[in-house]
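# Remarks on the overall topology
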Amino acid sequence: MRRILLADADAFYVAVARALDPDGAGRAALLIVGGSRESRGVVCSASYETRKFGVRSAMPIARALRLCPDAMCVPVPMQACGQKSAEIRKLLHRFAPIVEGASIDEWYLDLTGTEGVYHHEPLATTAQRIRAGVLEATGLTLSIGGGTNKLIAKMAVARAKPDGVLIVEPGSEEPFLRSCTLAEIPLVGPKFQARLGARGLVTVEDVFPYDVATLRQQGGLSAREATWLWNRVRGVDEAGVAHREVNRGLSRDETFAKDLHDDAEIERELLRLVTRAAADLRGDGLTARTVAVRLRDWDFQTRSAQRTLAEAVVSDRVILRVARELLTTLRKARRVPARLVGVRLAGLAPVRDEDQLALFTATAPPETERDRGLARAIDRVRGKFGAKSIVPGGLKE
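Residues numbered from 1 in each chain as written. Predicted model: local features only at pLDDT ≥ 70, side-chain atom pairs only at ≥ 80, totals over all residues. Heavy atoms only, no water.

Let us look at the packing of aromatic side chains. Tallied over the full model, the rule gives two aromatic pairs. Note on F12 and Y13: the rings are 5.6 Å apart at their centroids and 65° apart in plane angle, and the pair reads as edge-to-face. Judged by relative accessible area, which is 2%, Y13 ranks as buried. Consider the rings of F192 and W228, whose centres lie 6.4 Å apart with planes at 45°: the pair is tilted. With F192 in helix 8 (residues 190–198) and W228 in helix 11 (residues 223–233), the pair connects residues that are 36 residues apart, well separated along the chain. Owing to a relative accessible area of 13%, F192 belongs among the buried residues under this scheme. Above the face of the Y48 ring, R51 is positioned so that its terminal group lies 4.3 Å from the ring centre. (Phe/Tyr/Trp six-rings, centres within 6.5 Å; stacked < 30°, edge-to-face > 60°. Buried < 20%, exposed > 50% of the residue type's maximum accessible area, 1.4 Å probe, protein only. Helix = DSSP H or I, 4+ residues; strand = E, 2+ residues; numbered from the N terminus. Lys NZ or Arg CZ within 6 Å of the ring centre and 35° of its normal.)

Have a look at this one:
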């Protein structure tokens with residue numbers, strides 16, 4: 001039986017910003033992290049106090065200040081956040097053999113097979129032990145959800161926040177899921193919710209009685225959507241917790257069911273892969289300097305191209321721009337049907353002082369602070385509402 005935890009740092013960016021100015025903790029109760037009061041950027045993170053006014057991640061700063069005029073606005077402390085994220089991850093490795101960064105402030109832990117190490121104590125007790133260790137070492141609080149797979153852990157931690165623990169015990173998945181709305185299921189975004197709601201499907205309880213065929217008809221879904229939702233409301237998730245080594249780089253690739261002929265179709269798949277890879281990069285608190293693109297042609301000839309940048313980057317926009325240029329070079333050299341496309345990020349390193357933007361160089365930096373702030377805000381929204389809640393325009397159907 002798998003034992004999976006998801007540790008989520010509560011209001012991470014806000015907590016780190018407050019830790020940098022402990023004497024101003026009282027003044028910073030109404031805190032928005034993401035820019036200054038004059039900024040036209042977006043909210044990266046909002047304190048729980050400002051959330052009561054309706055302030056949310058990815059909201060324009062100007063709108064947030066209209067909702068909460070007394071709020072303090074501070075820039076994202078990027079270096080400190082990267083360092084704190086790395087500290088927490090290092091601590092989590094003391095408790096679990098496998099730790100996977102889901103974002104800069106979320107980590108999956110696989111404790112399968114460690115029952116003897118913890119003297120067969122309840123998983124909730126182990127989770128409390130982890131929370132206490134991180135709080136003592138970093139001053140930051142975690143919420144932890146757990147269960148037999150990543151899906152259940154993800155849904156449980158949402159119920160545990162802020163600053164709590166919720167473990168869904170083996171065998172109790174069905175009653176837990178039946179208590180949820182469809183909106184609580186990761187990847188059931190607002191548009192999907194609206195489609196389902198129009199058919200009277202709002203809660204897991206509404207969907208649970210149907211088989212896949214009936215769900216297709218009742219919900220007006222495609223076969224793929226109906227199968228996916230049927231598995232989701234039953235807590236089916238076979239994805240494992242994976243540990244990524246920094247020095248090996250980070251790769252994402254896709255093999256097509258049918259060879260792709262059209263450049264636009266191949267670029268669309270590249271966009272999808274870059275979006276995933278860049279999010280994983282930020283989730284591990286890393287930066288990359290090398291971007292590589294790989295193509296496998298219809299005749300199994302594999303070709304690749306790569307470029308090393310002068311500065312480390314993290315944002316989708318810059319990584320995608322380089323990846324597109326590399327793809328164009330490969331396609332011009334040999335325009336034949338493609339069987340596989342892949343992207344690899346290398347030259348990985350934890351966020352550190354050298355990764356700050358080169359504002360005083362003669363040439364413009366490849367990546368702006370707005371790029372990074374927007375990427376972090378999007379990560380927060382995806383972390384809360386699922387990976388499909390915000391997608392690049394090129395992936396919208």
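Across the sheet, which stays open at both edges, the five strands sit in the order 5-6-1-7-8 with mixed pairing between neighbours. Across the chains shown, the open sheet's two edge strands, defined by having one partner strand only, are strand 5 (98–103) and strand 8 (165–167). Across this sheet, the average inter-strand angle for adjacent strands is 15°, counted without regard to direction. As paired strands, strand 1 (residues 4–9) and strand 7 (residues 142–147) are joined by six bridges and run antiparallel to one another. Within strand 7, the residue paired with A9 across the bridge is L142. Docked against the sheet, helix 5 (residues 123–138) engages strand 1, strand 6 (106–110), strand 7 and strand 8, running at close to 155° with respect to strand 8. (Pairing = 2+ DSSP bridges. Axes fitted to C-alpha atoms, helices over the stretch in contact; angles between N-to-C directions. Contact = heavy atoms within 4.5 Å.)

Attention now goes to the packing of helix 4 (residues 78–92) against helix 5. Packed helix pairs are specified by the crossing angle of their axes together with the interaxial distance, meaning the distance between the axes. Running from N to C, helix 4 and helix 5 point in directions that differ by 140°, and their axes come no closer than 10 Å. The pairing of helix 4 with helix 5 is recorded here as oblique in orientation. The crossing of helix 4 and helix 5 is right-handed. Here helix 4 contributes K84, E87, I88, L91 and L92 to the contact with helix 5, which in turn contributes I130, V134, A137 and T138. (Parallel < 35°, antiparallel > 145°, perpendicular 65-115°, else oblique. Left-handed = near helix turned anticlockwise from the far one by under 90°.)

What follows concerns the pairing of strand 6. By the criterion of burial, strand 6 is predominantly enclosed, with five of the five residues buried. Across the two faces of strand 6 the burial is the same, with E106, Y108 and D110 and W107 and L109 all buried. For strand 1 and strand 6, the ladder comprises five bridges, and the chain directions are antiparallel. Counterpart to L5 in the pairing with strand 6 is L109. Looking at chain direction, strand 5 and strand 6 are connected through five bridges and run antiparallel. For E100, the partnering residue across the bridge sits in strand 6 and is Y108.

Now for the pattern of salt bridges. Proximity of charged atoms lets side chains of opposite charge pair with each other. Throughout the structure, instances matching the rule amount to 25 salt bridges. Note that R18 and E49 form a salt bridge whose closest N and O atoms lie 3.3 Å from each other. Placement of the pair is R18 in helix 1 (residues 12–20) and E49 in helix 2 (residues 48–51), with a sequence separation of 31 residues. What makes R18 partly exposed here is its relative accessible area of 25%. The salt bridge partner of R324 is E267, with a shortest N-O separation of 3.0 Å. Residue R324 is located in helix 13 (residues 316–333), and its partner E267 is located in helix 12 (residues 263–283); the two are separated by 57 residues in the primary sequence. Assessed through its relative accessible area of 29%, E267 is described here as partly exposed. (Salt bridge = Lys/Arg side-chain N within 4 Å of Asp/Glu carboxyl O.)

All right, on to the sheet that holds strand 2 (residues 31–33) then. Spatial strand order, 3-2-4: three strands in an open sheet with mixed pairing. Strand pairing shows two members of the sheet lacking a second neighbour, strand 3 (45–46) and strand 4 (72–74), which therefore form its edges. Strand direction decides the pairing type here: strand 2 and strand 4, joined by three bridges, are parallel. For I32, the partnering residue across the bridge sits in strand 4 and is C73. Relative to the sheet, helix 1 contacts strand 2, strand 3 and strand 4, its axis offset from that of strand 2 by approximately 110°.

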